Amino acid sequence: MNKRIYEKTKYPGIWRHIKNKNYIVDICCKNIRTSISTLDGTRGGAKIYDIKVAKRIQDDPNIIKKVTLSVSNKDTVDMAFSAYINDLKYNQNLVENTIRQKESIYKTYLSQYKKRKLTNINKDDIMAIKIEIDKRCSKNSAKYTAFKTVKSFFNWLVNQKIISESPAKEIRQFKKTKIIHTIWTPKQVNAFRETVKKDFDSEDVRQAYKARMIHLIINLDYALSGRIGETRGLQYKKINFETGKIIISAIADKSGNIIERTKTDDSTDTLIVPEQIINEIKEYKQWIEKNMDIDITDDTPLFFSPDHHTKAYSPSVIRDTYKKYCNQCEEELPDMPIYNFRHSGVALMQELGYEMYVIQARVRHKNIETTIDTYGSISEKTKRKLVEDISRFF
């Protein structure tokens, strides 16, 4: 704060312009620090002239959601990136993992320019960053992601009208490697289910609970082509047993806390679930109440930790339990992470002949290109059928 222009008030963090008598309010919320000079927190808005209003703004923790740090092209890269992250967190509601990834990429490749003014960043600097990415990253996918973050940051500055043109505009992106996802056939999924069912009536109540939990998780992800984080975030209040619908609107973090946020805004939806799975949820709930002596409320996570009924089971426990049953299965199963039941579900829908726009709606993607590029795996059965159909013409 320039103390030649602003003077302190009796309220810490609130400053008054000596000449104009308007107030500046320091806001610190969720490790984000910024200053607000307007009533609505946006650049160019009406200034704050009432100390009571200034105090109210400072005491409102939700004001940060409406604020993007005030940045001009004369500010530093560090200030601008803080504003970018702030916007992604509180205005665009990006999930924590994506935010952490962007912050890590910034620290690795962009932080060397953190004190540089935005006006002094040019094409040569971006080219130097790209060369550094190429040196440090061994996989094309990592190179693509890192440079995409750099480009996205400068594109955001253009969209916010902070700079007129991105210095990364004319620099070509790394080639994106097409990822072939491992998937299971319906026969393999059924074999896995049968293996898990063997522990449904185990004398070890925890083991029986884990078996029933894994069975229900893979059925939900396979039927809904869901994300494991969103499946872990399900609570009983999100299930309508009468209509057979489930609301997807939350995720569970690594600590098991339920957070009312999905990967993107488009991921939030209400989906119709097969009747068999709704019945399985009912039986699962009844079994828990009978055998684990737990009172299930609307806020109880479907897949709670037995030690903390208000928290979802940790992803590591779910992964370990899943791998255990993979190893026990008599059917030979391809090595597939549990997340890939989402991909396997898409492959099943393709086999059943559904158009990509229908699949897009089911997996809740904003763009159909994402559905085609990421989840358009073609099953072995479909490949063979294609060859058989073509062979009829020879």
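Rules behind the numbers
Residues numbered from 1 in each chain as written. Predicted model: local features only at pLDDT ≥ 70, side-chain atom pairs only at ≥ 80, totals over all residues. Heavy atoms only, no water. Patch = residues over 30% accessible without salt bridge, like charges linked within 9 Å, V, L, I, M, F, W, Y side chains within 5 Å. Areas by Shrake-Rupley, 256 points an atom, 1.4 Å probe, with all protein chains shown as cover. Salt bridge = Lys/Arg side-chain N within 4 Å of Asp/Glu carboxyl O. Helix = DSSP H or I, 4+ residues; strand = E, 2+ residues; numbered from the N terminus. Buried < 20%, exposed > 50% of the residue type's maximum accessible area, 1.4 Å probe, protein only. Axes fitted to C-alpha atoms, helices over the stretch in contact; angles between N-to-C directions. Parallel < 35°, antiparallel > 145°, perpendicular 65-115°, else oblique. Left-handed = near helix turned anticlockwise from the far one by under 90°. Contact = heavy atoms within 4.5 Å. Nonpolar A, V, L, I, M, F, W, Y, C, P; charged D, E, K, R; others polar. Core = buried A, V, L, I, M, F, W, Y, C linked by side-chain atoms within 4.5 Å. Expected span 1.5 Å × (residues − 1). Polar contact = N/O pair within 3.5 Å; in protein donor to acceptor, adjacent residues only side chain to side chain. Lys, Arg positive; Asp, Glu negative; His and termini not counted. Phe/Tyr/Trp six-rings, centres within 6.5 Å; stacked < 30°, edge-to-face > 60°. Lys NZ or Arg CZ within 6 Å of the ring centre and 35° of its normal.

S.K.: Please set out a nonpolar patch on the surface residue by residue, giving values where relevant.
M.R.: Residues Leu 352, Tyr 354, Tyr 357 and Val 358 make up a contiguous nonpolar surface patch of roughly 440 Å² in combined accessible area. Inspection of the secondary structure puts Tyr 357 in helix H12 (residues 356–363). By relative accessible area, which is 56% here, Tyr 357 ends up exposed.

S.K.: Go over the packing of helix H7 (residues 205–224) against helix H11 (residues 341–351), please, and point to the residues and values.
M.R.: Their axes nearest at 7 Å, the elements H7 and H11 cross at an angle of 45°. As summarised for this structure, H7 and H11 are arranged oblique, according to the angle between their axes. Here the hand of the crossing between H7 and H11 comes out right-handed. Across the interface between the two elements, Ile 218, Asp 221 and Tyr 222 of H7 pack against Phe 341, Arg 342, Ser 344, Gly 345 and Leu 348 of H11. Split into classes, the residues belonging to the contact of H7 with H11 amount to four nonpolar, two polar and two charged.

S.K.: Go over the pattern of salt bridges with me, naming the residues and quoting the values.
M.R.: One pass over the full model with this rule turns up 13 salt bridges. As a salt-bridge pair, Asp 201 and Arg 212 come within 3.5 Å of each other at their nearest N and O atoms. Here Asp 201, found in the loop between helix H6 (186–197) and H7, pairs with Arg 212, found in helix H7; they are eleven residues apart in sequence, far enough to count as distant. Judged by its relative accessible area of 14%, Arg 212 falls in the buried class.

S.K.: Pulling in residues and values, what's your account of the nonpolar core?
M.R.: Among the nonpolar cores identified, the biggest contains 47 residues, and Phe 192 and Ile 288 are the most heavily contacted of them. Those elements giving two or more residues to this core turn out to be H6, H7, strand S6 (245–248), helix H9 (275–291) and helix H10 (315–328). If one sorts the elements of this core by residue count, H7 sits on top with eleven residues. By size, the runner-up hydrophobic cluster in this structure holds 32 residues, among which are Tyr 113, Val 150, Ile 163 and Ile 171.

S.K.: Tell me about the side chain of Lys 143, and please be specific about residues and values.
M.R.: On the secondary structure map, Lys 143 appears in helix H5 (residues 140–159). In this structure, Lys 143 is in contact with Ile 133, Asp 134, Cys 137, Gln 173 and Phe 174, ignoring residues within four places of it in sequence.

S.K.: With reference to specific residues and values, describe helix H4 (residues 123–136).
M.R.: Here H4 is 14 residues long and its end C-alpha atoms lie 20 Å apart, about the 20 Å a rise of 1.5 Å per residue gives. The N-cap of H4, judged by a side-chain oxygen 3.0 Å from the amide nitrogen of Asp 124 a few residues on, is Asn 122.

S.K.: Hey, could you go over unusual backbone geometry for me, with residue numbers and the actual values?
M.R.: Of note, Ser 225 is a non-glycine position whose phi angle comes to about 50°, a positive value. Assignment of secondary structure puts Ser 225 in the loop between H7 and helix H8 (228–232). Despite not being glycine, Arg 364 shows a phi value in the positive range, around 65°. With respect to the element layout, Arg 364 can be found in the loop between H12 and helix H13 (368–375). Under the relative-accessibility criterion, Arg 364 is labelled buried at 3%.

S.K.: Account for the side chain of Lys 130, naming residues and giving values.
M.R.: Mapped onto the secondary structure, Lys 130 falls in helix H4. Despite its burial, Lys 130 pairs with no opposite charge; the closest candidate is Asp 134, at 8.0 Å N-O. Residue contacts for Lys 130: discarding those within four places in its chain leaves Phe 147, Ile 171, Arg 172, Gln 173 and Phe 174.

S.K.: Now, about the packing of aromatic side chains: what can you tell me, with residues and values included?
M.R.: Two aromatic rings are characterised by how far apart their centres lie and by the angle between their planes. Under the defined criterion, the tally for this structure stands at 18 aromatic pairs. Considering the side-chain rings of Tyr 209 and Tyr 313, the 6.1 Å spacing of their centres and the 25° angle between planes classify their relative orientation as stacked. Remark: Tyr 313 occurs in the loop between strand S11 (308–312) and H10 and Tyr 209 occurs in helix H7; sequence separation between them is 104 residues. Residue classification places Tyr 209 among the buried residues on the basis of a relative accessible area of 0%. Each member of the aromatic cluster is reached from another via a ring pair, and the members are Phe 81, Tyr 84, Tyr 106, Phe 153, Phe 154 and Trp 156. The ring of Phe 147 carries the charged tip of Lys 130 above its face, separated from the ring centre by 5.7 Å. When the ring centre of Phe 174 is taken as origin, the NZ or CZ atom of Lys 130, which lies over that ring, is 5.0 Å away.

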